[in-house]
Amino acid sequence: MKFAIAVFCAAHAPSSRRALLFARAALAGGHEIVRLFFYQDGVYSASNSVVVPQDEQDIARQWREFVSAHQLDSVVCIAAALRRGVLNEEEATRYQRSAVNLDAPWELSGLGQLHDAAQAADRLICFGGP
Amino acid sequence: MSKSLLVISRQAPWSGPGAREALDIVLAGGAFDLPIGLLFLDDGVFQLAPHQDAKAVQQKDLGANLQALGLFGIDEVFACHHSLAERGLTTPASAQPLDSAAISQLIDRYDQVITL
Amino acid sequence: MSTLHVVSHSPFTDSRLDSCLRICGVNDAILLCGDGAYGLHNAALQTKGVKVFVLAEDMQARNLPLPDWADSVDYPGFVQLSLDYDKVNSWL
C-alpha cells in the first residue's frame, strides 16, 4: 500500500519521532511512501542546523538519514519554510539572508506537492502536536 | 477520479499561522480543481465572526481568502453548529451549519481528511 | 466508512478528545498516542463505545495501566490500523 506522510511538527516534538518510526514501520512492512511533506512547524524537522546533546535522539539527523537511505521524495513547503526562517541556498540568496539551514535531501516546493501525494497514496497520514 | 479531501480548520484567526495555513491547503487544492471541503470546528468558527479588524493586531484579514473559496471552486464549506453556539456566534452566511451527527457523515463522505 | 482518529494531546489540558468524541461515528476508532495516552483515564472515552487503541510505548513511558476496554499497538500495529480503517484523521 502507498502512504503519503505529512509532518507538521518540529524535530524536538514527540510527533516528529512518531512520524519517523511510523514511516520506518511502513517500509519494513513492505509498503511504499510516495512522499514525505513537511508543513507548518514540520519545516523545522528538515533543518540542518539542529544541535542535540549526544545522549539524546537527533531526530532531524535521523530523518535526513532515513530519506537518503531510502531515496524518498521529501518536500518542504516553501511558504511555511520562509515564514519560519528555514531557507535553502537559493532562497537565502534571493532574500539576502546569511544562514542556509536546508539542503539535500530536502526539496522546497508548494502545497501542490501535498495534494499530488494525497492523490497518489492509498492513505494520507498526518503527524503533529505533542 | 480524484480523491476528495476535507480540511477541518480548528484555529482561531490570529492564534498564529494555523488558520491561514489551513486555508492555503484548501485554496491550493481548488487551484488544481480537486474536490475539497472545508469545515470550521471549535475555535475555527471564530474565523467566520463578523466585523473583525485584523489591522488592530497588524495581521492580514483572512476574509479575502475566505471570499476566494468560491472563485477556486470550493463550494463545500461548513461550520460546526455546536462550536458556533458554544461561542455565541450566529449562523454565518458563508458556511453551512452542521450538527455533530452530520459532521460524522461529512467525514465519511470524503476520501481523506486533515484536521489542523 | 470508518475513520481512525489519532489524538496526541492530553484530554486534561486540551479539547481535541472532547471534540473527537462528539463527532466520531460508531464504526470509527481512536488511537491515543503521546499525551493522548492520558485519555485512558477518560470516562467519556470508555462509555462512547468506539474502539480505543493506545500506542504501547506511550502507555509504557507514562506507566499507565491498560484498561480492558482498550488495546495497545506497536508501530507495525499502527501501520496496520491505518489500513484497517478507510482514512486516518490526526487531530493536529
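Residues numbered from 1 in each chain as written. Chains lettered and ligands numbered in written order. Predicted model: local features only at pLDDT ≥ 70, side-chain atom pairs only at ≥ 80, totals over all residues.

Within chain B one finds four helices and five strands. In chain B, the order of α-helices and β-strands from amino to carboxyl end is β-α-β-α-β-α-β-α-β. The C-alpha atoms of chain B give 13 Å as radius of gyration, which agrees with the globular expectation for 116 residues (13 Å, within 12%). C-alpha extents for chain B along the principal axes are approximately 45 × 30 × 20 Å. Expressed as a percentage of its 116 residues, the buried residues of chain B come to 41%. Summarising the internal contacts of chain B: among those between residues at least 6 apart in sequence, 70% fall at separations of at least 24. (Helix = DSSP H or I, 4+ residues; strand = E, 2+ residues; numbered from the N terminus. Rg over C-alpha atoms; globule rule 2.2 N^0.38 Å. Buried ≥ 20, exposed ≤ 12 C-beta atoms within 10 Å, placed from the backbone. Contact = placed C-beta atoms within 7 Å.)

All names here are of chain A. Following both chains from N to C, one finds helix α1 (residues 14-28) and helix α2 (residues 59-70) inclined at 25°, their axes separated by 10 Å at the closest point. With respect to α2, the axis of α1 lies roughly parallel. α2 is crossed by α1, and the crossing has left-handed handedness. Counting all contacts with α1, which are made through Ser16, Arg17, Leu20, Ala23, Arg24 and Leu27, the residues of α2 involved are Ile59, Gln62, Trp63, Phe66 and His70. Grouping the constituent residues of the contact of α1 with α2 by class yields six nonpolar, three polar and two charged. (Axes fitted to C-alpha atoms, helices over the stretch in contact; angles between N-to-C directions. Parallel < 35°, antiparallel > 145°, perpendicular 65-115°, else oblique. Left-handed = near helix turned anticlockwise from the far one by under 90°. Nonpolar A, V, L, I, M, F, W, Y, C, P; charged D, E, K, R; others polar.)

Peptide bonds are mostly trans, and most non-glycine residues show a negative phi. Residues and elements named next belong to chain A. Going from alanine 104 to proline 105, the amide bond is cis rather than trans, its omega being 10°. Even without being a glycine, glutamine 40 presents a positive backbone phi close to 45°. Along the chain, glutamine 40 falls in the loop between β2 (32-38) and α2. Since 23 C-beta atoms lie within 10 Å of it, glutamine 40 is described here as buried.

Another point: the nonpolar core. Ranked by internal contacts, the top residues of the largest apolar core, which has 104 residues, are Ile5, Ala6, Phe38, Val76 and Ala81 of chain A together with Val7 of chain B. The element that contributes the greatest number of residues to this core is helix α1 (residues 18-31) of chain B, accounting for six residues. Apart from residues lying up to four places away in sequence, valine 7 of chain B is in contact with Ala22, Ile25, Val26, Ile36, Leu38 and Ile114 of chain B. (Core = buried A, V, L, I, M, F, W, Y, C linked by C-beta atoms within 7 Å.)

Residues and elements named next belong to chain C. Across the two faces of strand β5 (residues 87-90) the burial is the same, with Lys87 and Asn89 and Val88 and Ser90 all buried. Pairing between strand β1 (residues 3-7) and β5: four bridges, direction parallel. Looking at the pairing, leucine 4 lines up with valine 88 of β5. (Pairing = 2+ DSSP bridges.)

This part takes up the packing of α1 of chain A against helix α4 (residues 75-84) of chain C. Between α1 of chain A and α4 of chain C, the shortest axis-to-axis distance is 9 Å and the interhelical angle comes to 75°. Considering their axes alone, α1 of chain A and α4 of chain C lie roughly perpendicular with respect to each other. When α1 of chain A is examined against α4 of chain C, the residues Leu21, Phe22, Ala25 and Ala26 of chain A are found in contact with a partner set consisting of Tyr75, Pro76, Phe78 and Val79 of chain C. When grouped by side-chain class, the residues that make up the contact of α1 of chain A with α4 of chain C number eight nonpolar, no polar and no charged.

As a further point, take the interface of chain C and chain B. Taken together, the contacts link 13 residues of chain C with 13 residues of chain B. Every element with two or more residues in the side of chain C that touches chain B is listed here: α1 (16-23) and β5 of chain C.

The next thing to look at is the interface of chain C and chain A. The interface of chain C with chain A comprises 14 residues on the first partner and 18 residues on the second. Contributions of two or more residues to the side of chain C that touches chain A are made by α4 and β5 of chain C. It is α4 of chain C that provides the largest number of residues to the side of chain C that touches chain A, a total of six residues. Split by residue class, the side of chain C that touches chain A holds eight nonpolar, five polar and one charged.

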